[in-house]
Structures are given as structure tokens and as C-alpha cells.
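Here is how the chains run, residue by residue.
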Amino acid sequence: MTQAAVLGSPIAHSLSPALHRAAYAALGLDWTYEAIECREQDLPGVLEGPWAGLSLTMPLKRAVIPLLDDVSALARAVGGANTVVYDGGRRLGANTDVYGMVTALTEAGVRSPGSAVVLGGGATACSALAALRDLGLPKVVVVVRTPARAAEAVSAADRLGVSVSVQTLADTMPPADLIISTLPAHAADPYAEAIARATGALFDVVYAPWPTAAGKAVGDRGGIVVGGLPMLVHQAARQVELMTGRAPAPVEAMRAAVS
């Protein structure tokens, strides 16, 4: 039996097993997929397998890179791999978060924003910068609690060829065609009305609880609101394609499994 899994800590809340199992069933594959609690210090041992592929969530996306035999250019530029594919004994790292973001946005009709703001400066913010680059934006404003928190995003932006300016959440929310919030659940709540005044389109990577306060505020003003669930579905679909070699992934079956 072919085995795959999602690793992270905490991991009990993960929707990845439901998504991947639905895909395997639709594809007629006798694969298993489990959620495994895994901290950074556990990762080298867990990677030994035997696996066909692994999904990685926090805090492992950056920690896995030096443990891999090869890493895609995108994953290196972003600074994190959320996918490991095993090929002839070699571990290959990839990033499907960027694909998930771009697909979720274009699916909602956000295809070529003229300006964008990213809230947060961590690993997901780095993927957001890559997604915005793919949507044609060479300049992005990154908004963080303190300037030091933007260091990771600024470094990734340099590798991606994206120009960033940094502001803090204490400043006035800069107006933009699109705001992407990569902040944890409830962290953006105090800024919900400021976000709604600043944009007509919000992509909030949180998927539970939903809607977020910011999502509701933008929606109440008639704006476009994209939650984290579509991104999750599409990044998992790309993982399924990479791990199984079967494309296209059965996106609708996967979406139905978590709706």
C-alpha cells in the first residue's frame, strides 16, 4: 500500500487528510494518508519513510529544506517547501502554496490587481509575495506589527525580484486593490474596519473560524472576499498531482470533502 502523510505541530485540526483521501478515492488509488504530529527535531527521522509524498505545515516548511536532495527554485526563493515528493530514493521539495493562492484569487475574479498589501511577514507572507509577482505586481506593501517582523518577507522579496515597502499596523492602513492577510485567526480582528475602508478585495488565509471579522467587514461593503479554504484545496490538488503523477487532480471531489 502506498503511503503519504501531512506533518506538523499541531496537526490534529488539519483538513489535508480529508482532501487527499478524497482525491485518491476519485482517482481509484489504493493510497493511505495520515496526519502525523511532528516537531522540527522529529523531522529527520520521519522523513525516512517509506513515503510516496509528504505535505508539510508549520513549523516544518523551512526546516525541511536542508534535509532534501533537491528543492524547486520557487521553494528556495520563498524560503519554504510544503511538499516532499519521493523519486527513486531522492527527496524533492516543492512549494504549492503559491499555486493555491494564485488559483484561489483568479477563481474569485482577482486576476490583475494594480496594487496590493500583505499583512504579516512570516512564511505565508513570503508565498503571498510570490503569488502577487505571478499576478504581475512588482511592488507590494508589507504591513507588520514591528519592522523587525518583516525581515523574512523582505529577504524573500529580494530573491523573488519584488520591491517591498514596510509599514506597521500602528500606521494608517494603506489603500490597495487587494489586501492579503496572512495573520493568524483573530489577529486581524482589531483592524477589520480599517481593512474594509482600504480595499475592495480581501484574501484572508484563515479558513476557520469563517468568516473572519475582516472578511465580514469587506463583504458587508460589497467587496470580494476570498477565504483560506479555496487556497487549501488548490494547493492540495497540486500536491496530489506531484505525488501521484496524475493530472488534473479531482478538485471538485476534494472541495466537496471539506465543504
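Residues numbered from 1 in each chain as written. Predicted model: local features only at pLDDT ≥ 70, side-chain atom pairs only at ≥ 80, totals over all residues. Heavy atoms only, no water.

This brings us to the packing of helix 5 (residues 123-134) against helix 6 (residues 151-160). Their axes nearest at 9 Å, the elements helix 5 and helix 6 cross at an angle of 30°. By the angle between their directions, the pair helix 5 and helix 6 is classed as roughly parallel. Remark: the crossing between helix 5 and helix 6 carries right-handed chirality. On the side of helix 5, the interface is formed by Ala123, Cys126, Leu129, Ala130 and Arg133, while helix 6 contributes Glu152, Ala153, Ala156, Ala157 and Leu160. Its residues assigned to classes, the contact of helix 5 with helix 6 comprises 8 nonpolar, no polar and 2 charged. (Axes fitted to C-alpha atoms, helices over the stretch in contact; angles between N-to-C directions. Helix = DSSP H or I, 4+ residues; strand = E, 2+ residues; numbered from the N terminus. Parallel < 35°, antiparallel > 145°, perpendicular 65-115°, else oblique. Left-handed = near helix turned anticlockwise from the far one by under 90°. Contact = heavy atoms within 4.5 Å. Nonpolar A, V, L, I, M, F, W, Y, C, P; charged D, E, K, R; others polar.)

So, about the sheet that holds strand 9 (residues 163-168). Spatially, the 6 strands line up as an open sheet ordered 9-8-7-10-11-12, and their pairing is parallel. A single partner strand is all that each edge strand has here, and the edge strands are strand 9 and strand 12 (224-226). Within this sheet the neighbouring strands show an average axis-to-axis angle of 20°, counted without direction. Where strand 8 (residues 139-144) meets strand 9, 6 bridges bridge the pair, whose relative direction is parallel. Its bridge partner being in strand 9, Val142 is matched across the sheet by Val166. Each of strand 7 (116-119), strand 8, strand 9 and strand 10 (178-181) touches helix 5; the most contacted strand, strand 7, lies at about 165° to it. (Pairing = 2+ DSSP bridges.)

The mixed open sheet is built from 6 strands, whose spatial order is 2-1-3-5-6-4. Each edge of the sheet is formed by a strand with only one pairing partner; in this case those strands are strand 2 (31-37) and strand 4 (70-71). By the bridge criterion, 2 bridges tie strand 4 to strand 6 (residues 90-94) in an arrangement that is parallel. Bridging across to strand 6, Asp70 finds its partner in Leu92. Along the sheet, helix 1 (residues 16-27) contacts strand 1 (2-8), strand 2 and strand 3 (53-56); its crossing angle with strand 2, the most-contacted strand, is approximately 170°.

Applying the stated criterion to the full structure yields 2 aromatic pairs. Taking 5.2 Å as the distance between ring centres and 50° as the angle between the ring planes, the aromatic pair formed by Tyr24 and Trp31 counts as tilted. Of the two residues, Tyr24 and Trp31, both sit in the buried class. One aromatic cluster is present, formed by Tyr24, Trp31 and Tyr33 through successive ring pairs. Positioned above the aromatic ring of Tyr99, the side-chain terminus of Arg238 is 3.9 Å from the ring centre. (Phe/Tyr/Trp six-rings, centres within 6.5 Å; stacked < 30°, edge-to-face > 60°. Buried < 20%, exposed > 50% of the residue type's maximum accessible area, 1.4 Å probe, protein only. Lys NZ or Arg CZ within 6 Å of the ring centre and 35° of its normal.)

Okay, the side chain of Thr83 next. Relative to the helices and strands, Thr83 resides in strand 5 (residues 83-87). In this structure Thr83 comes out as buried when scored by relative accessible area, which is 0%. Within the local environment of Thr83, its side chain forms a polar contact with the side chain of Asn82, the two groups lying 3.1 Å apart. With sequence-adjacent residues up to four places away left out, Thr83 is seen in contact with Leu54, Leu92, Gly93, Ala94, Thr96, Gln239, Leu242 and Met243. (Polar contact = N/O pair within 3.5 Å; in protein donor to acceptor, adjacent residues only side chain to side chain.)

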